[in-house]
Amino acid sequence: YKILTIGLMEDLFKLKRSTLSAFYYRYYAPNRATAVIVGDVYPDQVLPLIKGYFGPIPRQPDPPVVKIIEPPQRELRKTTVAFDSKPAIMMAWHMGDIHDADDAALNVLADILAKGRTSRLYKTIIEEKQIASSIWCRPDPGKYPGLFVLSGTTQGDHTTAELETAALDIIKDIRINGIKPGELKRVKKQSRMNYLSGLRTNSGLSFQLGYYATVGGDWKMAEEFPKQIEAVTAADVQRVANKYLVDTNRTVVYLVPPTDQANAGEVK
């Protein structure tokens, strides 16, 4: 992830035009694209337009199938980045891809931890202890295995170590004691409202359909995800917390001012 999407400049300077052209025509062909049309349209008018623009472009051979196998993490990993900014922390735990059966439960867990002012992290770390000025948490699955990410920025003289400890204490409580019925009900209601509000605009609807069609391989997943969230139980949330949010599966990065780097944690 340390390499920019566009690549390294030394590689770009060595790139031949023929290589770039071959790559473009192979991967940016119509058979690699997803077109999403939403709104008050007439298919008999829109489809000819799509065929007119994309039809003349020849189909290219499908690229070889890439199979990604994420090796299991065996130990806690820590690193420190010195930067002239407010101290912050980011933690990530490995998780499955968008088709993984635990995806919905991890979404519910993330919302219980950090979705809104009634979430556990917000109430405890921001309002009560005032350790952090901001905090967020979300699972990030994709076509390949992803990460469950938690990040926050410290407030006042509080340190990244305090923020990390406070967040892990809340996660530990969920792992041991589970969640309350009211929390589960609140998060499911929020999730349903967010889902419906995202479908109110053409851009929101097209994004949902395009995302699941491209990343998940089936646009109908956009209809199934709310049902999966609704089916999540309190036991599911506690189970995935114990399955994924463990130290041997965790990587943590501390962002600290240069003068505080020595106290930020061991670099591995």
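Rules of the game
- Residues numbered from 1 in each chain as written.
- Predicted model: local features only at pLDDT ≥ 70, side-chain atom pairs only at ≥ 80, totals over all residues.
- Heavy atoms only, no water.
- Helix = DSSP H or I, 4+ residues; strand = E, 2+ residues; numbered from the N terminus.
- Buried < 20%, exposed > 50% of the residue type's maximum accessible area, 1.4 Å probe, protein only.
- Contact = heavy atoms within 4.5 Å.
- Areas by Shrake-Rupley, 256 points an atom, 1.4 Å probe, with all protein chains shown as cover.
- Polar contact = N/O pair within 3.5 Å; in protein donor to acceptor, adjacent residues only side chain to side chain.
- Expected span 1.5 Å × (residues − 1).
- Arc of directions from axis to C-beta.
- Pairing = 2+ DSSP bridges.
- Salt bridge = Lys/Arg side-chain N within 4 Å of Asp/Glu carboxyl O.
- Core = buried A, V, L, I, M, F, W, Y, C linked by side-chain atoms within 4.5 Å.

(A) Focus on the overall build of the protein. A tally of helices and strands in the protein yields ten helices and five strands. Residue burial in the protein is summarised as follows: out of 268 residues, 33% are buried. The contacts of the protein with a sequence gap of at least 6 include a subset with a gap of at least 24, amounting to 78%. Accessible surface, the protein as shown: approximately 17300 Å² in total, 56% of it carbon and sulfur.

(B) Geometry of the side chain of arginine 250. Structurally, arginine 250 can be placed in strand β5 (residues 250–256). You can call arginine 250 buried: its relative accessible area is 2%. There is a polar contact of 2.8 Å between the side chain of arginine 250 and the side chain of glutamate 164. Leaving out residues up to four positions away in the same chain, arginine 250 has contacts with Gln73, Glu75, Leu76, Arg77, Met91, Ala92, Trp93, Glu164 and Leu168.

(C) Structural detail: helix α6 (residues 160–177). Taking 1.5 Å per residue as the helical rise, α6 with its 18 residues ought to reach 26 Å, and the 26 Å between its terminal C-alpha atoms agrees with that figure. Thr160, Leu163, Glu164, Ala166, Ala167, Ile170, Ile171 and Ile174 are the residues of α6 that are buried. Where α6 terminates, the next one or two residues include glycine 178, which has phi positive at roughly 75 degrees.

(D) Inspection of helix α10 (residues 234–244) at higher detail. Looking at α10, one finds that the buried residues are Val237, Val240, Ala241 and Tyr244. Here the buried residues of α10 occupy an arc of 105 degrees about the axis, which is enough to place them on one side. Packed against the buried residues of α10 are β2 (88–94), α4 (103–114) and α6.

(E) Seen up close, the pairing of β5. Here β5 shows a buried face lined by Arg250, Val252, Tyr254 and Val256 and an unburied face lined by Thr251, Val253 and Leu255. Alignment of strand β1 (residues 77–82) against β5, held across six bridges, turns out to be parallel. Note on β5: the bridge partner recorded for arginine 77 is threonine 251. Sheet topology note: the β2/β5 ladder contains six bridges and is antiparallel.

(F) Region of interest: the pattern of salt bridges. Tallied over the entire structure, the rule returns nine salt bridges. Across the pair arginine 250 and glutamate 164 runs a salt bridge, and its minimum N-O distance is 2.8 Å. Of this pair, arginine 250 sits in strand β5 while glutamate 164 sits in helix α6, and the two are 86 residues apart along the sequence. Here arginine 250 matches glutamate 164 in class, with each residue buried. Through salt bridges with shared partners, a single network forms among Asp102, Asp236, Arg239 and Lys243.

(G) Representation of the environment of lysine 86 within the structure. Residue placement: lysine 86 occurs in the loop between β1 and β2. Residue classification places lysine 86 among the partly exposed positions, given a relative accessible area of 40%. Excluding residues within four positions of it along the chain, lysine 86 makes contact with Thr153, Thr154, Gln155, Gly156 and Leu255. In terms of polar contacts, lysine 86 uses its side chain to reach the backbone carbonyl oxygen of glycine 156, at 3.1 Å.

(H) Highlighting the nonpolar core. Core analysis: the largest hydrophobic core is formed by 47 residues, its most contacted members being Val108, Leu109, Leu113, Leu121, Ile125, Phe148 and Leu150. For this core, the leading source of residues is α4, giving nine residues. Ignoring anything within four residues of it in the chain, the contact list for valine 108 reads Leu184, Val187, Ile229, Val232 and Val237.

(I) Just unusual backbone geometry, in detail. Positive phi values are uncommon outside glycine, yet glutamine 130 reaches one of about 50 degrees. Mapped onto the secondary structure, glutamine 130 falls in the loop between α5 (120–128) and β3 (132–140).

Shape is all these values report; function is a separate question.
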